[in-house]
Amino acid sequence: MNNLIIVFACFSVFNIIASYKHIRALEITSKLFLMPTLFLSFPFVLDSPLLITVCILYTIGDALLLSSKIVPFVIGATAFAAGHGAYYIYLARIINLAYLPFGLLALLLFIAYYAKEIFVKHELLNFAELAYIVFISTLMCLAFSTGSSIMAFGGFLFAFSDMLIVKARNGVMKSKDWLVMFTYILANFLLLYGIKIIR
């Protein structure tokens, strides 16, 4: 890691505080710098076109998902999905097949949790949202399959962060933007830090 990690930490604190206090201008400004400062804090990222792609797509997603209008939101969500896809390809190259059963178990448990939410608690989760949860859980599965506990926790936090977004948009729970951002930021840091260790 280089000194940019300090800049990333500052933007992270600013963003979480702004999300909690609903300081919109600070929230927007700080969010745009989160992923670039984080990814560039790890020099090995520059050697990977896939990780550079993830950074760019996540930054586009961060920017457009701030809009309340449907078209920017859809484009932002698509950018995030594409970023996840690039991350999947990268992680698939570094998994340890001996740990794949643990990754699949984590995936099944996360999906089972949502099955309980739908069929036991009767929460309204439509097919598109469930499909997205399965999609994002795949990152968690791959993170668990690397054999790194750091990456496994990062993958779990990533899935948990997106779960909060889906629940809030579905009206199941009150939106907690600060918690979404805290888990999202920490998840991305842990994933990259874990990659750095096992490279």
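Residues take numbers from 1 onward in each chain, read along the sequence in its written order. The predicted origin of the model limits local features to residues at a pLDDT of at least 70 and limits the giving and counting of side-chain atom pairs to 80 or more, whereas totals for whole chains, interfaces and linings rest on all residues. The side-chain values count all of the structure's non-hydrogen atoms but skip hydrogen atoms and water molecules.

Enquirer: I keep staring at the nonpolar core and nothing clicks. Help me out?
Expert: Counting 46 residues, the largest nonpolar core has Phe 39, Tyr 58, Tyr 87 and Leu 192 as the members making the most contacts within it. Secondary structure elements follow DSSP: runs of H or I of four or more residues count as helices, runs of E of two or more count as strands, with numbering from the N terminus. Looking at this core, the elements with two or more residues in it are helix H1 (4-21), helix H2 (24-39), helix H3 (49-64), helix H4 (70-92), helix H5 (100-119), helix H6 (127-144), helix H7 (149-169) and helix H8 (177-198). Of all the elements, H8 adds the most residues to this core, at 10 residues. Among buried residues, those of type Ala, Val, Leu, Ile, Met, Phe, Trp, Tyr and Cys that are joined through side-chain atoms within 4.5 Å constitute a nonpolar core. The buried label applies to any residue whose accessible area, calculated with a 1.4 Å probe on protein chains only, is under 20% of its type's maximum; exposed applies above 50%, and partly exposed to all values in between.

Enquirer: How should I be thinking about the packing of H1 against H2 in this particular structure?
Expert: When two helices pack together, their arrangement is given by the angle between their axes and by how far apart the axes lie. Two elements in contact, H1 and H2, have axes whose closest approach is 8 Å; the angle formed by their N-to-C orientations is 150°. Taken together, the axes of H1 and H2 lie roughly antiparallel to each other. Between H1 and H2 lies a crossing whose hand is left-handed. In this structure, H1 contributes Leu 4, Ile 5, Val 7, Phe 8, Phe 11, Ser 12, Phe 14, Asn 15, Ala 18 and Ser 19 to the contact, and H2 contributes Leu 26, Glu 27, Ser 30, Lys 31, Phe 33, Leu 34, Thr 37 and Leu 38. Here the nonpolar group is Ala, Val, Leu, Ile, Met, Phe, Trp, Tyr, Cys and Pro; Asp, Glu, Lys and Arg are the charged ones; every other residue, Gly included, is treated as polar. When grouped by side-chain class, the residues that make up the contact of H1 with H2 number 11 nonpolar, 5 polar and 2 charged. As a rule, the C-alpha atoms of each element are fitted with a line to give its axis, helices using only the stretch in contact, and angles between N-to-C directions run from 0 to 180 degrees. The labels follow the angle: roughly parallel below 35 degrees, roughly antiparallel above 145, roughly perpendicular from 65 to 115, and oblique for the rest. Two helices crossing with the near one rotated counterclockwise from the far one by less than a right angle form a left-handed crossing, whereas a clockwise rotation gives a right-handed crossing. Whether two residues are in contact is decided by their heavy atoms: any pair within 4.5 Å suffices.

Enquirer: What am I meant to see in the environment of Leu 130 here?
Expert: Structurally, Leu 130 is set in helix H6. Residue classification places Leu 130 among the partly exposed residues on the basis of a relative accessible area of 26%. For the pair Leu 130 and Ile 111, spaced 19 residues apart in the sequence, the C-alpha separation amounts to 8.5 Å.

Enquirer: Would you explain the side chain of Ser 145 in this entry?
Expert: Along the polypeptide, Ser 145 turns up in the loop between H6 and H7. With relative accessibility at 0%, the residue Ser 145 sits in the buried group. Apart from residues no more than four positions distant in its own chain, Ser 145 is found in contact with Ile 95, Asn 96, Tyr 99, Leu 100 and Gly 103.

Enquirer: Would you mind going over the pattern of salt bridges with me for this structure?
Expert: Side-chain pairs of opposite charge can arise where the charged atoms are in close proximity. Salt bridge, as used here, is a side-chain nitrogen of Lys or Arg placed within 4 Å of a carboxyl oxygen of Asp or Glu. The tally for this structure, following the rule as stated, stands at 1 salt bridge. Among the salt bridges present, the one from Glu 27 reaches Arg 24, with a minimum N-O distance of 3.7 Å. Here Glu 27 pairs with Arg 24, and both are found in helix H2, just 3 residues apart, close to one helical turn. On the basis of relative accessible area, Glu 27 is assigned to the buried category, the value being 9%.

Enquirer: Help me out: how do you make sense of the packing of H2 against H8 in this one?
Expert: As a packed pair, H2 and H8 sit with axes 10 Å apart at the nearest point and diverge in direction by 15°. Regarding the angle of H2 to H8, the classification is roughly parallel. Of the two possible hands of crossing, H2 and H8 adopt the one that is left-handed. Facing Glu 27, Lys 31, Leu 34, Met 35, Leu 38 and Phe 39 of H2, the residues of H8 in contact are Asp 177, Met 181, Tyr 184, Ile 185, Asn 188, Phe 189 and Leu 192. When grouped by side-chain class, the residues that make up the contact of H2 with H8 number 9 nonpolar, 1 polar and 3 charged.

Enquirer: Help me understand the packing of aromatic side chains in this model?
Expert: Aromatic rings considered in pairs are described by the distance between their centres and by the relative angle of their planes. Only Phe, Tyr and Trp rings take part, Trp by its six-membered ring, and two of them pair if their centres are within 6.5 Å. Stacked means planes under 30 degrees apart, edge-to-face means over 60, and tilted covers everything else. The tally for this structure, following the rule as stated, stands at 13 aromatic pairs. Aromatic side chains Tyr 88 and Phe 135 sit 5.1 Å apart centroid to centroid with 65° between the ring planes, which places their arrangement in the edge-to-face category. Of this pair, Tyr 88 sits in helix H4 while Phe 135 sits in helix H6, placing them 47 residues apart in sequence. Each ring, one from Phe 156 and one from Phe 160, has its centre 6.1 Å from the other, and the planes form 25°; the classification is stacked.

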